[in-house]
Amino acid sequence: MTRKTALITGANGRFGRHAARAFAAAGWHVHRFDRRTGDLTRAAADADVVVMGMHPPTYDLWDTQLLPLHRMTIDAARTHDIPVIVPGSVYGFGPGAGPVFGPAAPMRATNPLGRLRREMEALYRDSGVRTIMLYMGDFIDDRASGNWFDRFIARDVWKGRIAYPGPVDTEHAWCWLPDAARIAVALAERDDLARFEQVPVPGHTLTGRDLAGALSRVTGHTVRAGRFPWWQLHLARPFLPVLRGVFEMRYLWSLPHRLDPAPLGRLLPGFVPTPLDAALAEAIRPLRPETRAAGRSAAA
């Protein structure tokens, strides 16, 4: 049997890194695309699926970079009639949506980042390109990759505290990235999907108290959920353009939401997610003080 090829764009990014690992583990040939030196349409000629991992690194670049990156991907996929897997967020649903995000929920975001997310999704829907659109909550990663969880919330978890950005009793959607990558592989191996398949990744839905409780179990000591110091970011806002987007999306920490599990249950009824405590144990390992100290020493 000929091995299929997955063309991974943004393979060094958060989702792309896990996707490359998951496709390789499933027996696929993995081609990591470098947009600095490569031509995407040419690279896609030998691919069976494109995993769209390219993304503007910061919010302030979305306006100029987001849609061109996706147009380039659509053009390459359409040229060779291959499907695209797009890892997406819940931004398009908007402040008035919820509490369940999924194909049945209308996208009504009117804020700038939400509108861009809606426009991006419309590009794929209107293009006719076979698309698997994943919806994911906030990332939990197995390394300190600069997301909300490791950079801000759980930074001091080994000191017994987390800094929670919203009300501690409000449900919030989280995505363990290795699980999302396994889902991407399983869907890529299906040949009976809709032309435009929308798949929420249910992940873990937690309040701030739930998160603190789970981290208490994992660390073996009490972890308390305190308030995130938004005032510090507010002071830095005039000097850091990226913070405009951070404040724009702040509403998600106060908006109760979860991702609809029904589509994934229909498509992949045998999928078994990683237990929450196991995922968190991996996620906080790089945050240990001795691990951080070793990393700083190595960098020096």
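Note that the structure is a prediction, hence the values are computed from the model and not measured.

Rules of the game
- Residues numbered from 1 in each chain as written.
- Predicted model: local features only at pLDDT ≥ 70, side-chain atom pairs only at ≥ 80, totals over all residues.
- Heavy atoms only, no water.
- Helix = DSSP H or I, 4+ residues; strand = E, 2+ residues; numbered from the N terminus.
- Rg over C-alpha atoms; globule rule 2.2 N^0.38 Å.
- Buried < 20%, exposed > 50% of the residue type's maximum accessible area, 1.4 Å probe, protein only.
- Contact = heavy atoms within 4.5 Å.
- Pairing = 2+ DSSP bridges.
- Axes fitted to C-alpha atoms, helices over the stretch in contact; angles between N-to-C directions.
- Phe/Tyr/Trp six-rings, centres within 6.5 Å; stacked < 30°, edge-to-face > 60°.
- Lys NZ or Arg CZ within 6 Å of the ring centre and 35° of its normal.
- Expected span 1.5 Å × (residues − 1).
- Right-handed = clockwise from strand over helix to strand, strands pointing away.

What follows is about the overall build of the protein chain. Within the protein chain one finds 12 helices and 13 strands. The C-alpha radius of gyration of the protein chain comes to 19 Å, within 12% of the 19 Å expected for a compact globule of 300 residues. Dimensions of the protein chain along its principal axes, counting C-alpha atoms only, are 50 × 40 × 40 Å. Among the 300 residues that make up the protein chain, the fraction classed as buried is 52%. Expressed as a percentage of contacts within the protein chain between residues at least 6 apart in sequence, the contacts between residues at least 24 apart total 78%.

With parallel pairing, 6 strands are arranged side by side in an open sheet as 2-1-3-4-6-10. This sheet does not close on itself; its edge strands, each paired only once, are strand 2 (29–33) and strand 10 (196–200). Sheet twist, expressed as the average angle between the axes of neighbouring strands with direction ignored, equals 20°. The strands that helix 1 (residues 14–25) touches are strand 1 (5–9), strand 2, strand 3 (49–52), strand 4 (84–88) and strand 6 (131–135); relative to strand 1, the one it contacts most, it runs at about 165°.

One open sheet accounts for 3 strands, arranged 7-9-11; its pairing is mixed. Of all strands in the sheet, those with a lone pairing partner are strand 7 (138–140) and strand 11 (204–206), marking the two edges. For this sheet, the mean angle separating the axes of adjacent strands, direction not counted, is 40°. By the bridge criterion, 3 bridges tie strand 7 to strand 9 (residues 172–176) in an arrangement that is parallel. Each residue of the ladder has a partner; that of Ile 140, found in strand 9, is Trp 176. Sheet strands touched by helix 6 (residues 177–188): strand 7 and strand 9. Its angle to strand 9, the strand with the most contacts, is close to 70°.

All chains considered together, the criterion is met by 16 aromatic pairs. Centroid distance Tyr 164 to Trp 253: 5.8 Å. Interplanar angle 85°. Geometry classified as edge-to-face. Note that Tyr 164 is positioned in strand 8 (residues 161–164) and Trp 253 in the loop between helix 9 (243–248) and strand 13 (258–259), a separation of 89 residues in sequence. Taking the relative accessible area as the measure of exposure, Tyr 164 reaches 2% and is therefore buried. Note on Phe 228 and Trp 230: the rings are 5.1 Å apart at their centroids and 75° apart in plane angle, and the pair reads as edge-to-face. The class of Trp 230 is buried, set by a relative accessible area of 7%. Across from the ring centre of Phe 247, 4.4 Å away, lies the NZ or CZ of Arg 237, which sits over that ring. Over the ring of Trp 158 we find Arg 288; its NZ or CZ atom is 4.0 Å from the centre of that ring.

Moving on to helix 1. The end-to-end C-alpha distance of helix 1 is 17 Å, a good match for the 16 Å that 12 residues give at a rise of 1.5 Å each. Among all positions of helix 1, only Phe 15, Gly 16, Arg 17, His 18, Ala 19, Ala 20, Ala 22 and Phe 23 are buried. For helix 1, the secondary structure elements touched by its buried residues are strand 1, strand 2, strand 3, strand 4, strand 6 and helix 6. Just past helix 1, the residue Gly 27 takes up positive phi, approximately 95°.

The next subject is the pairing of strand 1. Among the 5 residues that make up strand 1, 5 are buried, leaving the element largely enclosed by the rest of the structure. Residues Thr 5, Leu 7 and Thr 9 point to one face of strand 1 and Ala 6 and Ile 8 to the other, with burial holding for every one of them. Once the chain exits strand 1 it traverses helix 1 before rejoining the sheet at strand 2, and the crossover so formed is right-handed. Summarising the sheet, strand 1 and strand 3 pair through 4 bridges and their orientation is parallel. From the neighbouring strand, Thr 9 faces strand 3, where its bridge partner is Met 52.

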